[in-house]
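One-letter residues, chain by chain:
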Amino acid sequence: MFIAANWKMNLDKKSILEFTKSLQNFKFSNQINTCIFPPMTYTDYLYNLTNNLPISIGGQNCHFESFGAFTGEVSANFLKDTGCEYVLIGHSERRTLNNENNAEIKSRAETAINSSLKVILCVGENLTDREEGKALEQIEKQLNDCLPYNFNNSFIAYEPIWSIGTGKIPSAFEIQEMHTHIKKIVYRILNKNINVLYGGSVNVENINSIIEINNVDGVLVGGASLKAKDFLAIYSAAVKHLNISS
Ligand code: PEP
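A quick note: this is a predicted structure, and the numbers were derived from the prediction, not measured. (Residues numbered from 1 in each chain as written. Predicted model: local features only at pLDDT ≥ 70, side-chain atom pairs only at ≥ 80, totals over all residues. Heavy atoms only, no water.)

A.B. asks: Talk me through the overall build of the protein; I want residue IDs and the actual numbers.
C.D. replies: Looking only at helices and strands, one finds 10 helices and 8 strands in the protein. Taking 18 Å as the expected radius of gyration for a compact globule of 246 residues, we find that the protein reaches 17 Å, a close match to that expectation. On the principal axes, the C-alpha backbone points of the protein span a range of 50 × 45 × 30 Å. In the protein, which comprises 246 residues, the proportion classed as buried is 50%. Long-range contacts, defined here as pairs at least 24 residues apart, represent 73% of the contacts in the protein between residues at least 6 apart. For the protein, the accessible area works out to roughly 11600 Å², and carbon and sulfur atoms hold 48% of it. Distance between charge centroids for the protein: 5 Å, based on 22 positive and 25 negative side chains. (Helix = DSSP H or I, 4+ residues; strand = E, 2+ residues; numbered from the N terminus. Rg over C-alpha atoms; globule rule 2.2 N^0.38 Å. Buried < 20%, exposed > 50% of the residue type's maximum accessible area, 1.4 Å probe, protein only. Contact = heavy atoms within 4.5 Å. Areas by Shrake-Rupley, 256 points an atom, 1.4 Å probe, with all protein chains shown as cover. Lys, Arg positive; Asp, Glu negative; His and termini not counted. Charge placed at Lys NZ, Arg CZ, Asp CG, Glu CD.)

Written as structure tokens, this is what we have:
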């Protein structure tokens, strides 16, 4: 089970210090992998504050080139150098606000993996596609276009765009159907089994009903991961779920 926390452009140094203080006496479980994606400027700061804890650090994006004249971009090598083990690629906010297309996302993921980062590749349909019954088709296209040949030790995050930050989530049936679909497509393309995380308005109230859905291997949490108390409550719900189902 994987719990990923995407802080986006939130939490400064002082808030990160406060957050990590709340983690120090918490009993982490070896059944859960967890990764926090802080703002890029704080990856090594968070890495140093958590190096006694079973928490990985990730970057929120990386460029498809490893170095050069790309003002404002971040290299996968630099993420690695500042303690990152993971990187998010193709988050819908990057696709929409930074015009990242499928081809670019594919090369960003490929470069990240060649730099020994583990990728969480985000895919998700918009509301029109969902309402018109085209969600499965849309995700299949994204996977066909974005999956690099070297997709090792990596994950897919299914994040319906209409669910991110809105409080709306797909039904349990829709989540299960999509996660099963994604696993089948990745198997067909790469001949490998992959873990799929669900992301979109996950919070303390709905976590129990989401993690019990078949083929949900973890969650990617945005807004609800900004408070240590909520992040740990989501983590604890996952531990409880594993203990009940084992
Ligand atoms: C996200 O941005 O990856 C996300 C899942 O956000 P939220 O949990 O706030 O919907």
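A.B. asks: An account of the nonpolar core is needed here, citing residue identities and associated values.
C.D. replies: Of all hydrophobic cores here, the largest spans 63 residues; its most connected members are V119, L121, L143, F151, I156 and I182. In terms of residue count, the dominant contributor to this core is helix α10 (residues 228–245) (9 residues). Each residue touching I156, except ones within four places of it in the same chain, is listed here: L121, V123, L143, L147, F151, I182, V186, I194, N195, V196 and L197. Counting 12 residues, the second-largest nonpolar core is a separate cluster that includes F37, Y86, I120 and L197. (Core = buried A, V, L, I, M, F, W, Y, C linked by side-chain atoms within 4.5 Å.)

A.B. asks: Let's hear about the packing of aromatic side chains: which residues, and what values?
C.D. replies: Any two aromatic rings considered together are summarised by their centre-to-centre distance and by the angle between their planes. Applying the stated rule across the entire model yields 10 aromatic pairs. Ring centres of F19 and F231 lie 5.7 Å apart, and the angle between their planes is 45 degrees; this geometry places the pair in the tilted category. Residue F19 is located in helix α1 (residues 13–21), and its partner F231 is located in helix α10; the two are separated by 212 residues in the primary sequence. Under the relative-accessibility criterion, F19 is labelled buried at 4%. We classify F231 as buried; its relative accessible area is 2%. Measuring from centroid to centroid gives 5.5 Å for F26 and Y235, while their planes differ by 80 degrees, and the two rings are edge-to-face. With F26 in the loop between α1 and β2 (33–37) and Y235 in helix α10, this pair connects stretches of sequence that are 209 residues apart. Take F26: its relative accessible area is 23%, and that puts it in the partly exposed class. The class for Y235 is buried, based on a relative accessible area of 1%. Ring-pair connections join several aromatic residues into one group, and the members of that group are F2, Y86 and F155. (Phe/Tyr/Trp six-rings, centres within 6.5 Å; stacked < 30°, edge-to-face > 60°.)

A.B. asks: Report on the pairing of strand β8 (residues 218–221), specifying residues and quantitative values.
C.D. replies: It is a general feature of regular strands that their side chains alternate between the two faces of the sheet. Going residue by residue along β8, you find G218 and L220 tucked away on one face and V219 and V221 tucked away on the opposite face as well. Where strand β1 (residues 2–6) meets β8, 4 bridges bridge the pair, whose relative direction is parallel. By the bridge assignment, F2 is partnered in β8 with G218. (Pairing = 2+ DSSP bridges.)

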